[in-house]
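Notes for the structure review
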Amino acid sequence: MTLVVFIASLLGAMAIGVPVAFALMFCGVMLMWFMGMFNTQIIAQNMIAGADTFTLLAIPFFILAGELMNAGGLSKRIIDFAIACVGHIRGGLGIVAIMAAVIMASISGSAAADTAALAAILIPMMAKAGYNVPRSAGLIAAGGVIAPVIPPSMAFIVFGVAANVSITQLFMAGIAPGLMMATALIITWLIVVRKDKVEALPRTPMKERLRVTGRALWALGMPVIILGGIKAGVVTPTEAAVVAAAYALFVGMVIYRELKPSELSGVILRAAKTTSVVMFLVCAALVSAWLITAANIPAEITGFIEPLIDRPTLLMFAIMLLVLIVGTALDLTPTILILTPVLMPIVKQAGIDPVYFGVLFIMNTCIGLLTPPVGVVLNVVSGVGRVPLGKVTVGVAPFLVAQIVVLVILILFPDLVLVPARWLR
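Residues numbered from 1 in each chain as written. Predicted model: local features only at pLDDT ≥ 70, side-chain atom pairs only at ≥ 80, totals over all residues. Heavy atoms only, no water.

A closer look at unusual backbone geometry
When glycine is set aside, most residues are seen to have a negative phi, and most peptide bonds are trans. Following P151, the chain continues into P152 via a peptide bond in cis, with omega recorded as 0°. For P152, the position within the fold is in the loop between α8 (133–144) and α9 (154–163). The backbone of R257 sits at a positive phi, close to 55°, despite the residue not being glycine. Checked against the element boundaries, R257 lands in the loop between α12 (237–255) and α13 (261–294). With phi around 55°, R386 is a residue other than glycine that occupies positive phi space. When you line up the elements, R386 lands in the loop between α18 (376–385) and α19 (389–412). (Helix = DSSP H or I, 4+ residues; strand = E, 2+ residues; numbered from the N terminus.)

Shown next, in the form of structure tokens:
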């Protein structure tokens, strides 16, 4: 019965338009009332405890690093570098989009920010070169959702805190799946673009290519510093976030000189607003997480899927289907915070590696960013690229299928995640 109260109160609150954070708090209050243990101190204590976590300091700094990267010209130079390398290939601008998406993902970890930067620069260029605009927008959207999978990833930080899983191990385990997602998108793009009458960009002369690469070196050095520092044990993920923000600030203001002191307050304000939304969601979710444990809801769910406990592959397919359905209606962070405390006890009981599960779980929630009716990344591309949302939804379809195929392959062959992760650790 507690499971019914949990689901009904959560979905009921969201159905009438209550913001997700407040819906999570309302869900917690209803569980307390049903169990006869209503106490406002429980809410306050868990919210404060949720925010008082050193690991979560990484979130505001990575958000700030992403804002500084876009404002300071790092994103533009990364795209220029990708164009110089592969822009002359037939369909090359699509490869540029994915190549730039991967590089930018290894810096900021924000799907919305990376997608906005790519769409603003590349969609007009692709339209001018004769590419199908809705399909191009769909490709950029699909490339943008790689950001939460390739480290540094705010999604991994939130999941790691909620599931009590090593964030460093999640970071290392996300590299290979993220690159697989990028490869699948490039292959799909080269297949669907064959019939388009497009103009390839002129081949960049070697001298110009070296000049563009030289200008982009400071931007390209950022992921090396972040991931290299974490892998070498020099910095923790939280400390790496601080380094990333400081590095982006230095490069944007001193090296590229595109970030003016007068613009800094606006950049910090945007980062603070985004941070406040994420952190309030985390705090509210930890109230529900504590009560989910107290109400023994995971045990109730385990009772329904007990026949699958001894069959981990089928269990993973069932869980991923559930996550995919939920992801069509919820954004990335709420999906993680709502489902993680419910699913993790089941995953551990089935003997599934928590890091492996975390990577696939985050991949699946990222796919949700491409699915209507919510489709946050679709809305970003539509707004920035000025392409109707319906057309972007059609354009993203082949790339959405490609991402799902990668997810299915990783469910069937866990070693594709686990072996590279063990090597990188």
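Anyway, onward from the coordinates.
Some points on the side chain of E67
Along the chain, E67 falls in helix α4 (residues 58–71). With relative accessibility at 18%, the residue E67 sits in the buried group. Of note is the side chain of E67, whose polar atom sits 3.2 Å from the side chain of R270. With residues near it in sequence (within four places) discarded, E67 still touches V267, R270 and A271. (Buried < 20%, exposed > 50% of the residue type's maximum accessible area, 1.4 Å probe, protein only. Polar contact = N/O pair within 3.5 Å; in protein donor to acceptor, adjacent residues only side chain to side chain. Contact = heavy atoms within 4.5 Å.)

Quick notes on the nonpolar core
One finds F159, F357 and L360 to be the most contacted residues of the largest nonpolar core, which totals 158 residues. If you tally residues by element for this core, the top one is α13, at twelve residues. Apart from the residues lying within four places of it in its own chain, the contact partners of L360 are M316, M320, L407, L410, I411 and V417. (Core = buried A, V, L, I, M, F, W, Y, C linked by side-chain atoms within 4.5 Å.)

Notes on the pattern of salt bridges
By the definition in use, this model includes four salt bridges. Of the charged contacts in the structure, one is a salt bridge between E208 and R211, with a shortest N-O distance of 2.6 Å. One end of the pair is E208 and the other is R211, both in helix α11 (residues 206–231) and three residues apart, which spans about a single turn. Looking at E208, the relative accessible area reads 29%, which means it is partly exposed. We classify R211 as partly exposed; its relative accessible area is 42%. (Salt bridge = Lys/Arg side-chain N within 4 Å of Asp/Glu carboxyl O.)

Focus on the layout of surface pockets
By volume, the largest pocket amounts to about 760 Å³. Contributing to the lining of the largest pocket are 32 residues, with A112, T274, V278, D331 and T333 lying nearest its centre. Where the lining of the largest pocket is concerned, the elements lending two or more residues are α2 (20–35), α4, α7 (111–128), α9, α13, α16 (332–349) and α18. With six residues, the single largest contributor to the lining of the largest pocket is α13. (1 Å grid on protein atoms, 1.4 Å probe; cavity = no way out; pocket = protein on both sides within 12 Å on 5 of 7 lines; lining within 4 Å. Points joined across faces, edges and corners; volume = space filled by probe spheres on them.)

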